[in-house]
Structures are given as structure tokens and as C-alpha cells.
Amino acid sequence: MTTTVPGGALTLAEDLTISRMGYGAMQLAGPGVFGPPKDRPRAHAVLREAIDLGITHIDTSDFYGPFVVNELIREALHPYPADLRIVTKVGARRSGDGGWISALEPDDLKAQVHENLQHLGLDVLDVVHLRLGSLDGSSDESIAEQFGALAELRQQGLIRHLGLSGVSDAQLTEAQSIAPVVTVQNLYNIANRQDDALVDRCAAENIAFASFFPLGGFNPLQSQTLTAVADRLLASPQQVALAWLLQRSATTVLIPGTSSIAHLRENVAAADLHLPADAVAELDSIGG
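Treat the numbers as computed from the prediction; the structure is a model and nothing was measured.

Procedures and definitions
- Starting afresh in each chain, residues are numbered from 1 along the sequence in its written order.
- Note on the predicted model: pLDDT of at least 70 is required for a residue's local features to be given, and 80 or more for side-chain atom pairs to be given and counted; whole-chain, interface and lining totals, by contrast, use all residues.
- Computation of side-chain values: all heavy atoms of the structure, hydrogens and water removed.
- The classification of residues rests on relative accessible area computed with a 1.4 Å probe and restricted to protein chains. Under 20% of the type maximum is buried, over 50% is exposed, and intermediate values are partly exposed.
- Here a strand is any run of E in DSSP of at least two residues, a helix any run of H or I of at least four, and the numbering for each starts at the N terminus.
- By definition, two strands form a pair when at least two bridges between them are found by DSSP.
- Note on handedness: a clockwise path from strand one over the helix to strand two, with the strands aimed away from the viewer, defines a right-handed crossover.
- Just to be clear on terms, a salt bridge is a Lys or Arg side-chain nitrogen sitting within 4 Å of an Asp or Glu carboxyl oxygen.
- As a rule, the C-alpha atoms of each element are fitted with a line to give its axis, helices using only the stretch in contact, and angles between N-to-C directions run from 0 to 180 degrees.
- For classification purposes, an angle smaller than 35 degrees is called roughly parallel, one larger than 145 roughly antiparallel, one from 65 to 115 roughly perpendicular, and anything else oblique.
- Residues are treated as being in contact if the distance between any of their heavy atoms lies within 4.5 Å.
- Under the scheme applied, nonpolar residues are Ala, Val, Leu, Ile, Met, Phe, Trp, Tyr, Cys and Pro; charged residues are Asp, Glu, Lys and Arg; polar residues are all the others, including Gly.

Draft legend 1. Region of the structure containing the pairing of strand E5 (residues 85-90). Of all six residues making up E5, six are buried, and the element is well covered by its neighbours. Alternating residues of E5 divide into Arg 85, Val 87 and Lys 89 and Ile 86, Thr 88 and Val 90, and every residue in both groups is buried. Relative to E5, strand E4 (residues 57-59) runs parallel, the two being bridged by three bridges. Residue Asp 59 lies in a different strand from E5, and its bridge partner there is Val 87. Tracing the backbone out of E4, into helix H2 (residues 68-77) and back to the parallel element E5 gives a crossover that is right-handed.

Structural data, given as C-alpha cells:
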């Protein structure tokens, strides 16, 4: 077991320190993030390997599976290591055919929090994100009612900290007027830079910015510039893309997902890859 924290440690609150290189557990479910995995013991092994590699930050949700991924996490890791922080999300449910359904009614959000607690085997959740936007982008629609419902559960002691996913700058400001926000999860990577200003804002306010789809997600990153830089640094393009995110700001954190131990190790190795200034300048041009 490693004694180092991949990517370094980021302290967001007195009781919340996470490894900047985290692990996104979504891909542990079956195809389409629906149903159980083909190989349950292998899924358990991936989760245990993440802990052995020094990761203290696992991203999950009860709508992965649904329920499957949280159950896998509990089966593999409970009782949880003292330094592990499990970050989950509410705001969606799944249809019988695996579709994604927005579920943002306050009472439903509260029910989802209780379901996450049950399936993870916890009495209190470290961080809960309110999932808002779609892959088409965020909006400036008021989220006071929805975020307020989660803030109530925080006051009751069921949630320690709150975050936002798929959020706009205006929505972040509105949420902070209700309760502290410690993390933001938005679509952002070396080729999708629409949230540059929000990344900078989060760094200035010590809010973690977690890039979902850091490697492109359903449309994997493809760039001759990225490949050329990776070849020069004797690394994979995926590792370079992850290293670029870690160097992008002091509070960017990574949650790349995989169901493979080999890929997990490759992702974690990116935390040790330093990109020289000329490489960063080349890579910055991809999103320009």
C-alpha cells in the first residue's frame, strides 16, 4: 500500500481533505452504467486497488446501476478507511430501460440522499452534489428550492458538505448564499474549455473543480498535438490530458473512471507526470 497521496492532498474544509487524483466508480456498473457488472469480484478488486494506490476520493451515485455501484463500494470497502471520502450525487433516476430521468423535486432529492446512505452503509455522507445540467451545458435557472432541500439535510447532520454538478457561475453564487459549496463537477477537459473562468473562480475560492469526462467521455479526446506531446514525454495521450488538468489550477481534481486495474494504475501514474511550460502552451492551443 502506498504512503503517498496521488496528485497531492487538497483540503477543502477542516474535516474534508481529498486526494486530487480520485477515482470515478461509474464504470463499475454494467454496459450503459446499467445493471450489475459481468465480474463482481473484479469490480471489488478495482476499488481495493484504488485504496492501495493512495486514493482517498471516490466519486459515485445511487443512479449508477442504479444502486449497483454504491453496493459494490460497500461490499469492497466497508468498514471504510478513516481517510476515505465518498462523494455522491443526487438529481436523477433511471428508467426501466436504462434511461436517465431528471429528479429534482425537493422531496425526491431528500429520498435520494437516504437511499445513498442506505446503499453505502453510512450514517452521514461526506459530500453530496446536486446534479443540475445536461451534457448540453448549464443554465442560470434558480436552484434555491433544490439546493435548499439539501442544505436542510446538512443542518440535520445527514450530509457534511455540499457540491454542484453541471452548474453555471450564477447558480454557484446563488447556492453559496444558501450554504457553503466545497466542490463543483462540470464537463471540462483539454478540448472543452467553456468553463475556464469558473475553474479560475473555484481556485480563488478554494472550491474543488472536478472535471467529468476528463478524457472526453463518449467522444474520446483525439488530437495530433496531444499525441505529439505525449510521444515526446514518453507518456500516453490520456496521461498527458490528465496531467494537464492537474496543472490547470491548484484546486482541479480528477475522477477518471475505469473498470480495469491496469487502466487505473495508468491514470494514477499521470499524477507524477510534470508538463514543462512549452508542452502546456502547445496543449492550451487545443481548446483555443
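Next, the rest of the story.
Draft legend 2. Layout of the pattern of salt bridges. Summed over the entire model, instances satisfying the criterion amount to 13 salt bridges. The partner of Lys 89 in a salt bridge is Asp 59, with the nearest N and O atoms 2.8 Å apart. Of this pair, Lys 89 sits in strand E5 while Asp 59 sits in strand E4, and the two are 30 residues apart along the sequence. On the accessibility criterion, Lys 89 (5% relative accessible area) is buried. Asp 169 serves as the salt-bridge partner of Arg 201, at 2.8 Å between the closest nitrogen and oxygen. Within this pair, whereas Arg 201 is found in helix H6 (residues 196-204), its partner Asp 169 is found in helix H5 (residues 169-176), the two being separated by 32 residues in sequence. Overall, the relative accessible area of 15% leaves Arg 201 in the buried class. Three or more residues joined by partner-sharing salt bridges are found here, namely Arg 193, Asp 196, Asp 200 and Arg 248.

Draft legend 3. Fine view of the side chain of Ser 211. For Ser 211, the location among the structural elements is in strand E11 (residues 208-212). Take Ser 211: its relative accessible area is 0%, and that puts it in the buried class.

Draft legend 4. Inspection of the packing of helix H8 (residues 237-248) against helix H10 (residues 277-284) at higher detail. In contact at an axis separation of 11 Å, H8 and H10 are set at 100° when each is read in the N-to-C sense. Here H8 lies roughly perpendicular to H10, going by the angle between them. Note on element contacts: H10 touches H8 through Val 280, Leu 283 and Asp 284, opposite Val 240, Trp 244 and Gln 247. Looking at side-chain class alone, the contact of H8 with H10 contains four nonpolar, one polar and one charged residues.

Read these as geometric descriptors, not functional statements.
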